[in-house]
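What follows is each chain in one-letter form.
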Amino acid sequence: MPTLKLKKHPRLFAKSDMTAYLQEHLGNPYVKREADAVLADADKLVRQKPITWDDIEGPLYPTSHQIASQVENLVGAWALTRDPRYRKAAFKRVEALTGFARLSCEANTNQPPEQEDWFCLTYGWHAVAIGYMHDMFSPDLTDEEDAIIMALLDKHLMKRAEQCLTNPPWWVNAGWTNWNGVCAGGMGILALSFYDRLPAARKLVPFVDKSLDAYLGSYSTNGGGCPEGTGYYNYGMQFAIPYLNCWESATGRKHPAMKLKELGTSLNFPMDFHRITFGDNDGWGPTGYHFWLAERMNQPVAALKAASFWKVDADGKSARKGRVVDANRGTLLYVAGHVPTPKEVEAFRKKHAEKKPVARVYKGMGWGSIADDDAFPTLRMTVRGNTTAQAG
């Protein structure tokens, strides 16, 4: 097994000094709105008590997911400001999470203690949050903070990830399911963060690459489409693609998966089928991965089309009321330099004043889309051939 040569921490992001990077791009109103939303949630989280095992009765979903989003939010808020309150609040949540008997989205507080947990979607979420946290804080990580992180890894995250090497869950190497994108993508980010500290992490990177090869390769088979529909496309890709981004940032090399030209084609898929999909999850909205992938695959129009879904005058600070449950993860922050500006979107809109009809067929799954304009359609229709969609 070849050993990767990785940069020193922080290595998962566009720049080693993420605070300077973010300040550089806050002039983009889209990025500024995301930053405001992250900080608005973080300011509430520092005043909220962390959720403990005793606070949950019955299913762990969605509470365990929500805790992961809160940790990721607070790490992003710290990157924006270097305010120690956010860092302290993040570690309090990790410490409380270690007290959980299990984390799985399919687990229940009433399960017998001997029933084993496993690496599911929720583990993918936590793996990203802890991977980012460890990488971002590593340059000045205290012994106390390090002990808190390692306790969670020993009891839950790395323990369950390592078990996948000998007893792989059903989603491993599965091309058809978003679970592979979420779980393997999150696991990969965690492994890259701890690559030079834990032997298991070095084994997990090739394991992740092999599993994601099946998932990402399915877009080649399906002509850039996703049989699960737009919502699950978004779900799987917003973990799988950040892993590729982190891998390239950490190694300074191009990931082999980026040779799949259909990954670029896939950027059209959610917009072609937005709200008229055949999957069982029709939700879609542009998140950070979309813009990094668009630039990486030389698809500037896809980035401009996605950014046009946003309202320029939306206020990130007033978006949420009351107690924070699902915190804003701040996915745009890590790719801020790849996000178009409202001025660029408006110029793009003016170029499309005269509509040009478009038709696309996603060969391999038999889905097609036609519209009176590629970017700003007023009339759209989708069709589906003789295929069977799967969702999970």
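Scroll up a little and you will see the structure.
The notes below deal with the structure included here. Just so it is clear, the model here is predicted, and its values are computed rather than measured. (Residues numbered from 1 in each chain as written. Predicted model: local features only at pLDDT ≥ 70, side-chain atom pairs only at ≥ 80, totals over all residues. Heavy atoms only, no water.)

1. Structural notes on the packing of aromatic side chains
What the rule picks out here adds up to 29 aromatic pairs. When the ring of Trp53 is compared with that of Phe100, the centres are 5.6 Å apart and the planes differ by 70°; the resulting orientation is edge-to-face. One end of the pair, Trp53, is in the loop between α2 (29-45) and α3 (63-81); the other, Phe100, is in the loop between α4 (84-98) and α5 (121-137), and 47 residues separate them in sequence. The two residues Trp53 and Phe100 agree in class, both being buried. A ring pair is formed by Phe269 and Phe273, whose centres lie 5.1 Å apart and whose planes are at 40°; its orientation type is tilted. Of the two residues, Phe269 and Phe273, both sit in the buried class. Members of the aromatic cluster, connected to one another through ring pairs, are Tyr215, Tyr219, Tyr233, Phe269, Phe273, Phe278, Tyr289, Tyr362 and Trp367. Stacked on the ring of Trp78, the Lys or Arg Arg87 has its end atom at 5.3 Å from the ring centre. Positioned above the aromatic ring of Trp125 is the side chain of Arg329, whose terminal nitrogen or guanidinium carbon lies 5.2 Å from the ring centre. (Phe/Tyr/Trp six-rings, centres within 6.5 Å; stacked < 30°, edge-to-face > 60°. Helix = DSSP H or I, 4+ residues; strand = E, 2+ residues; numbered from the N terminus. Buried < 20%, exposed > 50% of the residue type's maximum accessible area, 1.4 Å probe, protein only. Lys NZ or Arg CZ within 6 Å of the ring centre and 35° of its normal.)

2. What about the packing of α4 against helix α6 (residues 143-166)?
Following both chains from N to C, one finds α4 and α6 inclined at 30°, their axes separated by 9 Å at the closest point. The two elements α4 and α6 cross, and the hand of that crossing is left-handed. Touching Arg87, Phe91, Val94, Glu95, Leu97 and Thr98 of α4 are Glu145, Ile148, Ile149, Ala151, Leu152, Lys155 and His156, all from α6. Broken down by class, the residue content of the contact of α4 with α6 amounts to 7 nonpolar, 2 polar and 4 charged. (Axes fitted to C-alpha atoms, helices over the stretch in contact; angles between N-to-C directions. Left-handed = near helix turned anticlockwise from the far one by under 90°. Contact = heavy atoms within 4.5 Å. Nonpolar A, V, L, I, M, F, W, Y, C, P; charged D, E, K, R; others polar.)

3. Overview of α2
With 17 residues, α2 should cover 24 Å at 1.5 Å per step; its first-to-last C-alpha distance of 24 Å lies within 8% of that length. Most of α2 is tucked away, with 13 of its 17 residues classed as buried. Looking at where α2 begins, the residue whose side-chain oxygen comes 3.0 Å from the main-chain nitrogen of Tyr30 is Asn28. (Expected span 1.5 Å × (residues − 1). Polar contact = N/O pair within 3.5 Å; in protein donor to acceptor, adjacent residues only side chain to side chain.)

4. A short note on the packing of helix α7 (residues 178-193) against helix α9 (residues 230-251)
In the contact formed by α7 and α9, the axes pass within 7 Å of each other and the chain directions differ by 25°. Classified by the angle between their axes, α7 and α9 sit roughly parallel to one another. Regarding α7 and α9, the two cross each other, and that crossing is left-handed. Residue-level contacts link Asn178, Gly181, Val182, Gly185, Gly186, Gly188, Ile189 and Leu192 of α7 to Tyr232, Tyr235, Gly236, Phe239, Ala240, Pro242, Tyr243, Cys246 and Trp247 of α9. (Parallel < 35°, antiparallel > 145°, perpendicular 65-115°, else oblique.)

5. Things to note about the environment of Leu267
Within the fold, Leu267 resides in the loop between α10 (262-265) and α11 (269-272). Note on Leu267: relative accessible area 0%, which makes it buried. Sequence spacing of Leu267 and Lys305 is 38 residues, and the spatial spacing of their C-alpha atoms is 9.7 Å.

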